[in-house]
Amino acid sequence: MTAIETTSAGPQRRGGNPQKRRSIEKRQAISAYLFILPFFVVFIAMLIIPLLYSGYLSLFQTKLVGGETFAGLENYIRALTDIGFLTGLGRVALFMVIQVPIMLAIALFFALAFDSGRVRGMSVMRLLIFIPYAVPGVVATLMWGYLYGLDFGPISQAFRALGLTAPNLLSEQNVLGSMMNIVAWSFIGYNMIIMFAALRSIPHELFEAAELDGASEWRIAWSIKIPAIRPAIVLTVIFSVIGSFQLFNEPSLLRNLAPTVINSSFTPNFYAYNLAFTNSDVNYAAAVAFLLGLIIAVFSYVVQIISQKKEGTRS
């Protein structure tokens, strides 16, 4: 066989039969789509279809006389002038402004402490901080509700044992702070793990170079570690913003202990639930839920834009 024949035959042997190759690629593509098909089925059935149906319901009103009639944007206009909805919205906004920075600051402190390698029993401590996240939200709220109890709670009993007046942690002035404590207790470990994982991916050469230049541990954390995990911090901020606006378990369960303080519109999410399942006004509840989702999307987008602008300014 000549060199020309060898050269011309080489690509054919290496490439194989084009038709057979296309058949294999087609089967691989079909297999890939079959693997992701269950996700799309669940996604469409449990999210897209309910969203579309909820949007449809929000455009109608159900009346005793006339039945269900098309209302257009009337439910949305009603929600924007609803004192209950607006008050609940302001309450969760206050919750977000106070609770989220405190929770994330504590989570960041623990993540930096564990990453420094100077904490004894780091694995055990990390597990202990993360365990509250594994406790279901309902169980956590019931547990803290017992601790907050004015008549039977251990906190009140401890104050009385010391001859002091027990504070009412579920009073109108304290109930929001008590809910902040429950959420922070539950999610500090979750946010800490996200930040800690991001810290472990930073090249150690950066720390070694900074230490050779005489930088302290705090200086390294502030100038190298925190800027390096900015995407992880932004992610935790977005998750926390979404969680703040979706506050539901805490007012729902603590209402039994403080019925005169926590009303049916304490938070927008709780308000939408009561509208749909207590007042049977599913059309208006759908409009409230859609508005809440829009507000969450706007806030999350604003957080991303601010983060990207700061990143661009630094670069």
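Since we're looking at a predicted model, the values are computed, not measured.

So, how was this worked out
All residue numbers here refer to positions counted from 1 along the written sequence of the relevant chain. Under the rules for a predicted model, residues below a pLDDT of 70 receive no local features and side-chain atom pairs below 80 are neither given nor counted, while totals for whole chains, interfaces and linings still include all residues. As a rule here, side-chain values come from all non-hydrogen atoms in the structure, and water together with hydrogens is ignored. Segments assigned H or I by DSSP are reported as helices when at least four residues long, segments assigned E as strands when at least two residues long, and all are numbered from the N terminus. To get the radius of gyration, use the C-alpha atoms; to get the globule rule, take the number of residues to the power 0.38 and multiply by 2.2 Å. For every residue, the accessible area (1.4 Å probe, protein chains only) is compared with the maximum for its type, and the residue is labelled buried under 20%, exposed over 50%, or partly exposed between those bounds. By definition, residues are in contact when any of their heavy atoms lie within 4.5 Å. For the purpose of charge, His is not counted, nor are the chain termini; Lys and Arg are scored as positive and Asp and Glu as negative. Note that the charge is assigned to NZ on lysines, CZ on arginines, CG on aspartates and CD on glutamates. Here, a salt bridge means any side-chain nitrogen of Lys or Arg that lies within 4 Å of a carboxyl oxygen of Asp or Glu. Here a polar contact is taken to be a pair of N or O atoms separated by no more than 3.5 Å, where protein atoms must pair a possible hydrogen donor with a possible acceptor and residues adjacent in sequence count only if both atoms sit in side chains. In this description, a line fitted to the C-alpha atoms serves as the axis of each element, helices being fitted only across the stretch in contact, and the angle between N-to-C directions of two axes falls anywhere from 0 to 180 degrees. Angular relationships are summarised with four words: roughly parallel below 35 degrees, roughly antiparallel beyond 145, roughly perpendicular across 65 to 115, and oblique for the angles in between. Two helices cross in a left-handed way if the nearer one is turned anticlockwise from the farther one by less than a right angle. They cross in a right-handed way if the turn is clockwise. To qualify as a nonpolar core, a set must consist of buried Ala, Val, Leu, Ile, Met, Phe, Trp, Tyr and Cys residues joined through side-chain atoms within 4.5 Å. Three classes are used: nonpolar for Ala, Val, Leu, Ile, Met, Phe, Trp, Tyr, Cys and Pro, charged for Asp, Glu, Lys and Arg, and polar for all others, with Gly counted as polar. Ring pairs shown here join Phe, Tyr and Trp side chains whose ring centres sit within 6.5 Å, with only the six-membered ring taken for Trp; geometry is labelled stacked below 30 degrees between planes, edge-to-face above 60, and tilted in between. Per residue, pLDDT captures the predictor's confidence, and it can take any value from 0 to 100.

A.B. asks: Can you explain the overall build of the protein? Please cite residues and give values.
C.D. replies: Within the protein one finds 14 helices and two strands. A compact globule built from 315 residues would reach a C-alpha radius of gyration of about 20 Å, whereas the protein, at 28 Å, exceeds it by more than 25%. Judged by the C-alpha coordinates and their principal axes, the protein covers about 100 × 70 × 40 Å. Counting only residues that meet the buried cut, the protein has 35% of its 315 residues in that class. Intrachain contacts of the protein at a sequence separation of at least 6 include 65% that bridge at least 24 residues. Here the protein carries 22 positive and 16 negative side-chain charges, and the mean point of each set is 8 Å from the other.

A.B. asks: So what's going on with the pattern of salt bridges? Residues and values would help.
C.D. replies: Any two side chains of opposite charge can pair, on the condition that their charged atoms come close. Counted according to the given criterion, the structure contains four salt bridges. Salt-bridge contacts for Lys-225 lead to Glu-217; the nearest nitrogen and oxygen are separated by 3.4 Å. Taken together, the shared-partner salt bridges connect Asp-115, Arg-200, Glu-217 and Lys-225 into one network.

A.B. asks: I'd like a rundown of the environment of Asp-115, residues and numbers included.
C.D. replies: With respect to the secondary-structure elements, Asp-115 resides in helix H4 (residues 83–116). Separated by 80 residues in sequence, Asp-115 and Met-195 place their C-alpha atoms 9.7 Å apart. Residues contacting Asp-115, with those up to four places away along its chain left out, are Phe-196, Leu-199, Arg-200, Phe-207 and Lys-225. Within the structure, the side chain of Asp-115 is placed 3.2 Å from the side chain of Arg-200, a separation counted as a polar contact.

A.B. asks: An account of the packing of H4 against helix H10 (residues 217–228) is requested, with residue identities and associated values reported.
C.D. replies: One can describe the packing of H4 onto H10 by two numbers: an axis separation of 12 Å at closest approach and a directional angle of 110 degrees. Overall, the two elements H4 and H10 adopt an arrangement that is roughly perpendicular. At the point where H4 passes H10, the crossing takes the right-handed sense. Residues Leu-108, Phe-109, Leu-112, Asp-115 and Ser-116 of H4 pack against Glu-217, Trp-218, Ala-221, Lys-225 and Ile-226 of H10.

A.B. asks: Any details on the nonpolar core? Residues and values, ideally.
C.D. replies: A general trend in soluble globular proteins is that nonpolar side chains are found buried together. Ranked by size, the top nonpolar core spans 44 residues in total, and within it Phe-85, Met-192, Met-195, Ile-229, Phe-245 and Val-288 carry the most contacts. Tallying contributions element by element places H4 first for this core, with 12 residues. Setting aside anything within four residues of it in sequence, one finds Met-192 in contact with Ala-107, Phe-110, Ala-111, Phe-114, Arg-126 and Ile-129. Formed by 17 residues, the second largest nonpolar core is a distinct cluster that contains Ile-182, Val-183, Ala-258 and Phe-270.

A.B. asks: Give a description of the packing of H4 against helix H11 (residues 230–245) that names residues and reports values.
C.D. replies: The N-to-C vectors of H4 and H11 enclose an angle of 145 degrees; their axes lie 9 Å apart at closest approach. For the crossing formed where H4 meets H11, the hand is right-handed. Across the interface between the two elements, Leu-89, Val-92, Phe-95, Met-96, Gln-99, Val-100, Met-103, Leu-104 and Leu-108 of H4 pack against Ile-233, Thr-236, Val-237, Ser-240, Val-241, Ser-244 and Phe-245 of H11. For the contact of H4 with H11, the class distribution of residues is 12 nonpolar, four polar and no charged.

A.B. asks: Could you give me a rundown of the packing of aromatic side chains, with the residues and numbers involved?
C.D. replies: Inspection of the entire model under this criterion finds 18 aromatic pairs. Note on Tyr-133 and Tyr-190: the rings are 4.7 Å apart at their centroids and 25 degrees apart in plane angle, and the pair reads as stacked. Of this pair, Tyr-133 sits in helix H5 (residues 122–134) while Tyr-190 sits in helix H8 (residues 175–200), and the two are 57 residues apart along the sequence. What makes Tyr-133 partly exposed here is its relative accessible area of 34%. Put simply, the rings of Tyr-53, Tyr-56, Phe-60 and Phe-70 pair up and form one aromatic cluster.

A.B. asks: Just give me the short version of unusual backbone geometry, but keep the residues and values in it.
C.D. replies: In this structure, Ser-280 is a non-glycine residue whose phi angle is positive, near 60 degrees. With respect to the helices and strands, Ser-280 occurs in the loop between helix H13 (268–277) and helix H14 (282–314). Overall, the relative accessible area of 58% leaves Ser-280 in the exposed class.

A.B. asks: An account of the confidence of the model for the protein is needed here, citing residue identities and associated values.
C.D. replies: When pLDDT is averaged along the protein, the result is 88; 93% of the residues meet or exceed 70. In this model, residues 3–12 is a region of pLDDT below 50 whose contacts with residues beyond four sequence positions or in other chains number two contacts.

A.B. asks: Could you give an account of the environment of Leu-275, naming the residues involved and the relevant values?
C.D. replies: Tracing the sequence through the fold places Leu-275 in helix H13. Put simply, Leu-275 and Val-288 are 13 residues apart on the chain and 9.2 Å apart in space, counted from C-alpha to C-alpha. In contact with Leu-275, not counting residues within four places along its chain, are Ser-280, Asp-281, Val-282, Tyr-284, Ala-285 and Val-288.

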